[in-house]
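Structural characterization, general
Chain by chain, the residues:
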Amino acid sequence: MGEYGHLPLFETKVAKGRLLFRCYAASVFVGIIFIWVYRVVHFPPAGSQLLRIWAWMGLFLSELWFSFYWFLTQIVKWSPIYRHTFKDRLSQRYEEVLPGVDIFVCTADPRIEPPIMVINTVLSVMAYNYPSQNLSVYLSDDGGSDLTFYALLEASRFSKHWLPFCRKFRLEPRSPAAYFSTNHELHDSNPLMAQEWLSMKALYEDMRNRIESTTRMGRISEEIRKEHKGFLEWNSASTHHDHHSIVQILIDGGDPKAVDSEGQPLPTLVYLSREKRPQYHHNFKAGSMNALIRVSSKISNGSIILNVDCDMYSNNSESVRDSLCFLMDDEKGHEFAFVQFPQCYNNLTRNDLYGTCFRVIYEVELPGFDSNGGPCYIGSGCFHRRDALCGMKYNKEYQKEWRRENEKMGRESASVLEESCKVLASCSYEENTQWGKEMGLKYDCAVEDIITGFSIKCRGWKSIYFNPERKGFLGVAPTTLLQSLVQHKRWSEGHLQALFCLAMLYYVAVPSLCFLGGISLFPEIRSLWVLPFAYVFIAKHAYSLGEFLWFDGTIQGWWNDQRIWMFRRTTAYFFAFLDTTLRILGFAETTFAVTAKVCDEDVSQRYEQEVMEFGSPSPLLTILATLAMVNLFSFAAFVKRVIVDIPIKAVESLALQFILCGLLVFINLPVYQGLFFRKDKGAMPASLTYKSVFLALLACSIAMY
């Protein structure tokens, strides 16, 4: 211990080469100021057309908002930092007193979150390179499904073979499905591994077939029900929204008999389905997490809590030790409440069709937040200090006594714990308490993670963003446009991003409609005032493209990213803004939409071919298609008028609007294909096509006359 006794467990490096970025940002800021000056100096004089005055004012306000948002992002990017951990020092100093880690896996509906996917995530976190006796894994099943319980029961049996296999051959990743899908061939150079590989794959396939066949049946057979007492918790009166608390300890880590096939201890494994009653609001994922915090405090009470979504399997078996390098550091560790890993995905297409990767956000913006007190909590892949999550305020004198915390005390038997924990997961337990207010995750907001992270920071804590070379967690990205937009609608409720929708909607629709009426909103093409508009546009997008390519993106991927951000801001963020406004005014309640993790084979095939999937009708797609048609009609009408009779002077005054409209038409090409040219099931529904064409014609007619 002497060699590492006083050395830090992590190091921080400031990003190099930021001078070019700062010069770029300063020059763009100068260009933005010139745009503001143009808008003020050339404000339509009194007596001008009323529509032009209002359109000009709206455009100026939109540009002010774009500028404000751009300014915020530049501040974040100004000085990003990157972290590196020293796990060898952690082992030398703390291996004998490593803290207990409670891992929460949350699922809500076995129909859209298949049990086989859920238990692959569970197995991946059970197999961390960490003392098993200090690991406890909790599965929260908000669907209250005996199918999910059965899958977890199968996983508890399989883990006795899987965990030794992972340890012996140091596998990565440790999700069986992910491992066998990326390692199709045997390791001929290691005959012993080849033999065990075949045996383990056969065991996994047998388990997978049993789980999937039972899931397809939709019920548990009487033969299976006899295998475990836990099935007695389900009866004919139990439903998804009306059932009592269910707590089942499938593996009791405190039991000396709970060992794997090599005689090594197994992690504790617990199934929880909190009580649901129609007369009680269950507060969605936040309520589920708070129930997990209480139940785990009774069973294992680990001082560190990791929560992951059920599709976010562990891709790096060292993630627990990485996070502890921050939380247990002698000098700085006491300042940090949580360590946030990025949410990455294993099913992205080469050019990231729906812009799910957040390449620049994860590589630049979150490291920028890290240099200013740390990132927000983003809902999954986050290691929390239990004390901070439960409401403790930061204190400079706070020091966790890891040695004392690690001393195991005698506790009740598994059967007694199961019964006592049911009360902690009951509907009425939180009445007249601080749960959801000052303790645990916050209620009454769809983005409970962001608000919870803010509240923790308001209590004085800092956080850490850690993005290791081998990603900590990999999940399932949406494979249809509608899934992606619905997901972002939920994520953006209550965010500053939601306000972006008004400015973007205005810029996408109003200049094109004014274009039809011959109303100029930009400088003439020969005017010097064109230069700041051109420079800001070209510089911003050129830097954005360079930044995207620097972080291993592609040109087509960048273009897809630009398109999807426009789609989100004009649809998902707009509806998020409406929902948030209605909720504040008391006309709506908080809702929570679970993103489907399964898709049809033909949908999957089109996704792999990077063909945009529209599918079912939705108000989100109606707005998207209507805006696309407005710009197409405006562009076509102007081309016709140029050819027929419009004066050259008018062309010059409307040239920038023509370029803007043309860019919007170009970026919407996949929408036009879905509306008119595609015949597959992923095309826009005919009813939506008729509706969007009608609404676009109506808007254009009003603008012209």
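Worth saying up front: this structure is predicted, and the values here are computed from it rather than measured.

Definitions and cut-offs
Residues numbered from 1 in each chain as written. Predicted model: local features only at pLDDT ≥ 70, side-chain atom pairs only at ≥ 80, totals over all residues. Heavy atoms only, no water. Helix = DSSP H or I, 4+ residues; strand = E, 2+ residues; numbered from the N terminus. Buried < 20%, exposed > 50% of the residue type's maximum accessible area, 1.4 Å probe, protein only. Contact = heavy atoms within 4.5 Å. Areas by Shrake-Rupley, 256 points an atom, 1.4 Å probe, with all protein chains shown as cover. Lys, Arg positive; Asp, Glu negative; His and termini not counted. Charge placed at Lys NZ, Arg CZ, Asp CG, Glu CD. Pairing = 2+ DSSP bridges. Core = buried A, V, L, I, M, F, W, Y, C linked by side-chain atoms within 4.5 Å. Axes fitted to C-alpha atoms, helices over the stretch in contact; angles between N-to-C directions. Parallel < 35°, antiparallel > 145°, perpendicular 65-115°, else oblique. Left-handed = near helix turned anticlockwise from the far one by under 90°. Nonpolar A, V, L, I, M, F, W, Y, C, P; charged D, E, K, R; others polar. Patch = residues over 30% accessible without salt bridge, like charges linked within 9 Å, V, L, I, M, F, W, Y side chains within 5 Å. Salt bridge = Lys/Arg side-chain N within 4 Å of Asp/Glu carboxyl O. Expected span 1.5 Å × (residues − 1).

All right, on to the overall build of the protein chain then. Scanning the protein chain from terminus to terminus reveals 25 helices and 13 strands. Expressed as lengths along the three principal axes of its C-alpha atoms, the size of the protein chain is roughly 90 × 65 × 60 Å. Expressed as a percentage of the 705 residues in the protein chain, the buried residues total 57%. For the protein chain, contacts bridging at least 24 residues in sequence account for 84% of all contacts bridging at least 6. By element, 60% of the accessible surface of the protein chain is carried by carbon and sulfur atoms, the whole surface being about 31,200 Å². One way to put it: in the protein chain the 71 positive side-chain charges average out to a point 5 Å from where the 73 negative ones average out.

The next subject is the sheet that holds strand β8 (residues 313–314). Here three strands make up an open sheet; going across it, the order is β8-β13-β10 and the pairing mixed. Strands with a single pairing partner mark the edges of an open sheet, and in this sheet they are β8 and β10 (344–345). Two elements, β8 and strand β13 (residues 473–475), share two bridges in a ladder whose sense is antiparallel. Among the inter-strand pairings, Ser314 is bridged to a residue of β13, identified as Phe473.

Glu172 connects to Pro173 through a cis peptide bond whose omega is -10°. The phi dihedral of Asn283 is positive, around 60°, even though this residue is not glycine. You can see Asn283 is positioned in the loop between β6 (268–273) and α9 (284–299). Under the relative-accessibility criterion, Asn283 is labelled buried at 13%. Phi at Phe284 is positive, roughly 55°, even though this residue is not glycine.

A separate point is the nonpolar core. Counting 150 residues, the largest nonpolar core has Tyr128, Trp162, Leu481, Phe567 and Leu621 as its most contacted members. In this structure Leu481 touches Tyr354, Ile564, Phe567, Met612, Glu613, Phe614, Leu621 and Leu624, once residues within four positions along its chain are discounted. Membership of the second largest hydrophobic core comes to 32 residues, among which are Val270, Ile305, Cys421 and Ala425.

It is worth spelling out the packing of α9 against helix α14 (residues 414–424) at this point. Here α9 crosses α14 at 150°, and the two axes come no closer than 9 Å. As far as their axial angle goes, α14 and α9 are roughly antiparallel. The hand of the α9/α14 crossing is right-handed. Residues Arg294, Val295, Lys298 and Ile299 of α9 form the contact with α14, whose own contacting residues are Leu417, Ser420, Cys421 and Leu424. A breakdown of the residues in the contact of α9 with α14 according to their chemical character gives five nonpolar, one polar and two charged.

So, on to a nonpolar patch on the surface. Nonpolar side chains collect at one region of the surface, where Phe29, Ile33, Val37, Val40, Val41, Phe71 and Ile75 lie side by side and expose about 580 Å² of accessible area between them. Secondary-structure elements contributing two or more residues to the nonpolar patch are α1 (19–41) and α2 (50–77). The element that contributes the greatest number of residues to the nonpolar patch is α1, accounting for five residues. Considering the arrangement of structural elements, one finds Ile33 in helix α1.

Turning our attention to helix α23 (residues 655–667). Over its 13 residues, α23 runs 18 Å from end to end, which matches the ideal 18 Å to within 8%, given 1.5 Å per residue. Within the span of α23, buried status applies to Ala655, Leu656, Gln657, Cys661, Gly662, Leu664, Val665 and Ile667.

Right, let's talk about the pairing of β6 for a bit. In terms of burial, β6 is a largely internal element, six of the six residues being buried. The alternating pattern of β6 places Thr268, Val270 and Leu272 and Leu269, Tyr271 and Ser273 on opposite faces, both of which are buried. One ladder, built from five bridges, connects strand β4 (residues 135–141) with β6; its direction is parallel. In the sheet register, Ser136 faces β6, and the bridge partner there is Thr268. For strand β5 (residues 246–251) and β6, the ladder comprises five bridges, and the chain directions are antiparallel. Across the sheet, Gln248 pairs through a bridge with Tyr271, a residue of β6.

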